[in-house]
Amino acid sequence: MPLPISCPLPGTDLPSAHARCFPHGDATVVELHGEIDVFTVGRITVVLDAVTEQPAPHVIVDLRPVSFMDSSGLHLLNRAHHRARARSGLIEVISDQPRIRHLLRLTALDHIPLSATLDGPRGERAHVGAAPV
């Protein structure tokens, strides 16, 4: 019996998923946009690898423009955190979306500092496991 013809997987170059980098004080902000999933995480990995390859990187990952994130996006954040720590650096995450904050808390990424805004002083930043900022 012949197999039915299946639809091809969606392309991996989805225009809505991208990263924008800019300096903010002593840190580099990586602002992620669109859906961060198995199809788009590759291009974001390249960006986060570039900003975490330097000695003592301070990287702020802004997830506020993210509309969706799956486990590959969570893995990407954890990987970037470990790369920065290995170089005596720091990764921070910004998200004001309750569903993304909840996802980070559920997946035990509570070792990454989390804030709701870019301009909050570092001392006011909460960890993922803490109450929302």
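Description of the structure in this document. Source: prediction; values computed, not measured.

Here we come to the side chain of His33. Positionally, His33 belongs in strand 2 (residues 27–36). His33 sits in the buried class, given a relative accessible area of 18%. One polar contact links His33 to Glu31, side chain to side chain, over a distance of 2.6 Å.

Below, the discussion takes up helix 3 (residues 98–106). Every buried residue belonging to helix 3 is among Ile100, Arg101 and Leu104, and all of these are buried. Within helix 3, the buried residues cover an arc of 100° as seen down the axis, which keeps them to one side. Facing away from the buried side of helix 3 by over 90 degrees, the exposed positions are Pro98 and Leu106. Taken together, the buried residues of helix 3 touch strand 4 (66–69), helix 2 (71–86), strand 5 (90–94) and strand 6 (113–115).

Let us now look at helix 2. Under the 1.5 Å per step criterion, the end-to-end length of helix 2 is 22 Å for 16 residues, consistent within 8% with the ideal 22 Å. Three or more residues of helix 2 are buried, namely Ser72, Gly73, Leu74, Leu76, Leu77, Ala80, His81, Arg83 and Ala84. Looking at the buried side of helix 2, the elements it contacts are strand 2, helix 1 (41–52), strand 3 (58–62), strand 4, strand 5 and helix 3. A positive backbone phi angle near 60° is found at Ser88, which sits one or two residues after helix 2.

Under the definition given, this model contains 4 salt bridges. A salt bridge links Arg83 to Asp49; its shortest N-O distance comes to 3.3 Å. Remark: Asp49 occurs in helix 1 and Arg83 occurs in helix 2; sequence separation between them is 34 residues. Asp49 matches Arg83 in its accessibility class, with the two residues each being buried. The network of salt bridges with shared partners includes Asp49, Arg79 and Arg83.

Judged from the 7 bridges that link them, strand 1 (residues 18–24) and strand 2 form a sheet pairing that is antiparallel. Counterpart to His18 in the pairing with strand 2 is His33. In this structure, the hairpin formed by strand 1 and strand 2 is closed by a connection of 2 residues, where Gly25 is found at a positive phi of approximately 65°.

Below, the discussion takes up unusual backbone geometry. Positive phi, normally seen in glycine, also occurs at Ala56, with a value near 50°. Within the secondary structure, Ala56 is located in the loop between helix 1 and strand 3. Judged by its relative accessible area of 49%, Ala56 is partly exposed. The backbone of Ala108 shows a phi angle near 60°, a positive value even though the residue is not glycine. In this structure, Ala108 sits in the loop between helix 3 and strand 6. Relative accessible area serves as the criterion here: at 47%, Ala108 is assigned to the partly exposed category.

On the secondary structure map, Ser71 appears in helix 2. A relative accessible area of 56% means that Ser71 is categorised as exposed. Spatially, the C-alpha atom of Ser71 lies 9.1 Å from that of Thr107, the residues being 36 residues apart in sequence.

The rules behind the values
Residues numbered from 1 in each chain as written. Predicted model: local features only at pLDDT ≥ 70, side-chain atom pairs only at ≥ 80, totals over all residues. Heavy atoms only, no water. Helix = DSSP H or I, 4+ residues; strand = E, 2+ residues; numbered from the N terminus. Buried < 20%, exposed > 50% of the residue type's maximum accessible area, 1.4 Å probe, protein only. Polar contact = N/O pair within 3.5 Å; in protein donor to acceptor, adjacent residues only side chain to side chain. Arc of directions from axis to C-beta. Contact = heavy atoms within 4.5 Å. Expected span 1.5 Å × (residues − 1). Salt bridge = Lys/Arg side-chain N within 4 Å of Asp/Glu carboxyl O. Pairing = 2+ DSSP bridges.

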